[in-house]
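Each chain, letter by letter, is given below.
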Amino acid sequence: MRYGSEHKEATRRRIIEAAGRRFKRSGIDGSGVATLMKDAGLTNGAFYAHFASKEDLVANAVADQLRAQGDSVGAQVRDLVGLEQFVRWYLSAEHRDSREDGCPSAALLDEIGRCSDATRRAYTDGVLMVIDDIAALVWPDDPQSARARVLSVFAMMAGTLQLSRALSDRQLADDVLDEGIRNVLGLLAIAQKQ
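First, a word on scope: everything that follows refers to the structure included in this document.

The rules behind these values
- Residues numbered from 1 in each chain as written.
- Predicted model: local features only at pLDDT ≥ 70, side-chain atom pairs only at ≥ 80, totals over all residues.
- Heavy atoms only, no water.
- Axes fitted to C-alpha atoms, helices over the stretch in contact; angles between N-to-C directions.
- Helix = DSSP H or I, 4+ residues; strand = E, 2+ residues; numbered from the N terminus.
- Parallel < 35°, antiparallel > 145°, perpendicular 65-115°, else oblique.
- Contact = heavy atoms within 4.5 Å.
- Nonpolar A, V, L, I, M, F, W, Y, C, P; charged D, E, K, R; others polar.
- Salt bridge = Lys/Arg side-chain N within 4 Å of Asp/Glu carboxyl O.
- Buried < 20%, exposed > 50% of the residue type's maximum accessible area, 1.4 Å probe, protein only.
- Polar contact = N/O pair within 3.5 Å; in protein donor to acceptor, adjacent residues only side chain to side chain.
- Phe/Tyr/Trp six-rings, centres within 6.5 Å; stacked < 30°, edge-to-face > 60°.
- Lys NZ or Arg CZ within 6 Å of the ring centre and 35° of its normal.
- Core = buried A, V, L, I, M, F, W, Y, C linked by side-chain atoms within 4.5 Å.
- Lys, Arg positive; Asp, Glu negative; His and termini not counted.
- Expected span 1.5 Å × (residues − 1).
- Bend = angle between axes of the 7 residues up to and from the residue.

### Looking at the packing of helix α6 (residues 104-112) against helix α8 (residues 143-166)
Then, number 1: Remark: α6 packs on α8, axes separated minimally by 9 Å, with the N-to-C direction vectors making an angle of 85°. Looking at the two axes, α6 sits roughly perpendicular to α8. Here Ser-105, Ala-106, Ala-107 and Leu-109 of α6 come into contact with α8, specifically with Phe-154, Ala-158, Leu-161, Gln-162 and Arg-165.
Then, number 2: For the contact of α6 with α8, the residue count by class is six nonpolar, two polar and one charged.

### Here's the deal with the pattern of salt bridges
Then, number 1: Under the defined criterion, the tally for this structure stands at 13 salt bridges.
Then, number 2: Residue Arg-67 is joined to Asp-64 by a salt bridge in which the shortest nitrogen-to-oxygen separation is 4.0 Å. Of this pair, Arg-67 and Asp-64 both sit in helix α3 (residues 54-76), three residues apart, roughly one helical turn.
Then, number 3: The class of Arg-67 is partly exposed, set by a relative accessible area of 42%.
Then, number 4: Residue Arg-96 pairs with Asp-174 through a salt bridge whose shortest N-O separation is 2.8 Å. You can see Arg-96 sitting in helix α5 (residues 93-97) and its partner Asp-174 sitting in helix α9 (residues 170-193), a full 78 residues away along the chain.

### Description of the side chain of Ser-31
Then, number 1: With respect to the element layout, Ser-31 can be found in the loop between α1 (5-26) and α2 (33-39).
Then, number 2: A distance of 2.6 Å separates a polar atom in the side chain of Ser-31 from the backbone oxygen of Gly-27.
Then, number 3: Here Ser-31 is in contact with Arg-22, Phe-23, Ser-26, Leu-36 and Lys-54, once residues within four sequence places are set aside.

### Some details on the packing of aromatic side chains
Then, number 1: Tallied over the entire structure, the rule returns six aromatic pairs.
Then, number 2: Taking the centre distance of 4.8 Å and the plane angle of 85° together, the rings of Phe-47 and Tyr-48 count as edge-to-face.
Then, number 3: Judged by relative accessible area, Phe-47 falls into the buried class, the value being 0%.
Then, number 4: For the ring pair Phe-47 and Phe-51, a centre distance of 5.6 Å and an interplane angle of 35° mean the geometry is tilted. As far as the burial class goes, Phe-47 and Phe-51 line up, both buried.
Then, number 5: A connected cluster of aromatic rings, assembled from ring pairs, spans Phe-86, Trp-89, Tyr-90 and Phe-154.
Then, number 6: Its guanidinium or amino end placed over the ring of Trp-139, Arg-149 lies 4.8 Å from that ring's centre, counting from NZ or CZ.

### Let's talk about the nonpolar core
Then, number 1: By size, the foremost hydrophobic cluster in this structure holds 51 residues, and its most contacted members are Phe-23, Leu-57, Tyr-90, Leu-91 and Met-157.
Then, number 2: Those elements that place two or more of their residues in this core are α1, α2, α3, α4 (80-90), α6, α7 (117-138), α8 and α9.
Then, number 3: With eight residues, the top contributor of residues to this core is α7.

### What to know about the side chain of Arg-165
Then, number 1: Mapped onto the elements of the fold, Arg-165 is located in helix α8.
Then, number 2: Nearest to the buried, unbridged Arg-165 among oppositely charged side chains is Asp-97, at 6.7 Å.
Then, number 3: Separated by 3.0 Å, the side chain of Arg-165 and the backbone oxygen of Arg-96 make a polar contact.
Then, number 4: In contact with Arg-165, not counting residues within four places along its chain, are His-95, Arg-96, Ser-98, Arg-99, Ala-106 and Ala-107.

### A closer look at α3
Then, number 1: In this model, α3 (23 residues) spans 33 Å end to end at C-alpha, consistent with the 33 Å of a helix rising 1.5 Å per residue.
Then, number 2: Among the residues of α3, those classed as buried are Leu-57, Val-58, Ala-59, Ala-61, Val-62, Asp-64, Gln-65, Leu-66, Gln-69, Gly-70 and Val-73.
Then, number 3: As for α3, its buried residues are in contact with α1, α2, α4, α6 and α7.

### Here we look at α8
Then, number 1: For α8, built from 24 residues, the straight-helix expectation of 34 Å at 1.5 Å per residue is met to within 8% by its first-to-last C-alpha distance of 33 Å.
Then, number 2: Maximal helix bending in α8 amounts to about 30°, located at Arg-149.
Then, number 3: Within α8, burial applies to Ala-146, Val-150, Val-153, Phe-154, Met-157, Ala-158, Thr-160, Leu-161, Ser-164 and Arg-165.

Structure follows, in C-alpha cells:
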C-alpha cells in the first residue's frame, strides 16, 4: 500500500522526534537504528525510506532539536528578565534530571564533535541561531561581535549542566548549578556594562 506525501512526512517527523529524545537519553553511539525505529513505533525496514544512513538521521535530529530549543528560547527570552529566567531554568535540577527533554548541547556535545561534517554543520547552524538571538538582546548595538562572548557563556552553561549530571553527590551537583547561575548572571551583567 502506498502512502501519500503527508503520511511520509509525518512518519519522518515522528522518527526525527523520537531519535532526538533517544539520542539525548542514551547517546548517539548508544542508540541503534532498531531502537530508534522501535521508539518511533516503526519497523527497521521503514528507516531507509526516510534516511540514507544513521548519520543522516543524526544530522536531522540535531538540527530539529536545536530548532525547537531556539523556538523555546525565542519565546521565553524577549528581555533581560526573560534571559535571567532562562539561565535559572537551564541550570536547574529539573533540567539536569530530565536529559531526554533538555538541551541537546549538554546531552550530546562530546559526541557531536566526533560526528560527520554534515552533523557538525547542522549543530553549528542551530546553535548560532540561539546564540545570535541572545547576543542581539544583550548587545543590541553590536550583536555580531558579541557572538563569541555569548558562545562562551553558553559553553559555561552546558559544561556546568554536564558536570552536575556526572556528580554522584546530589548536594554537590546542586551547588555546582547554583554557582553556575551566579557566574553566568555575573558575566552577563559585566558584559552589558562594557
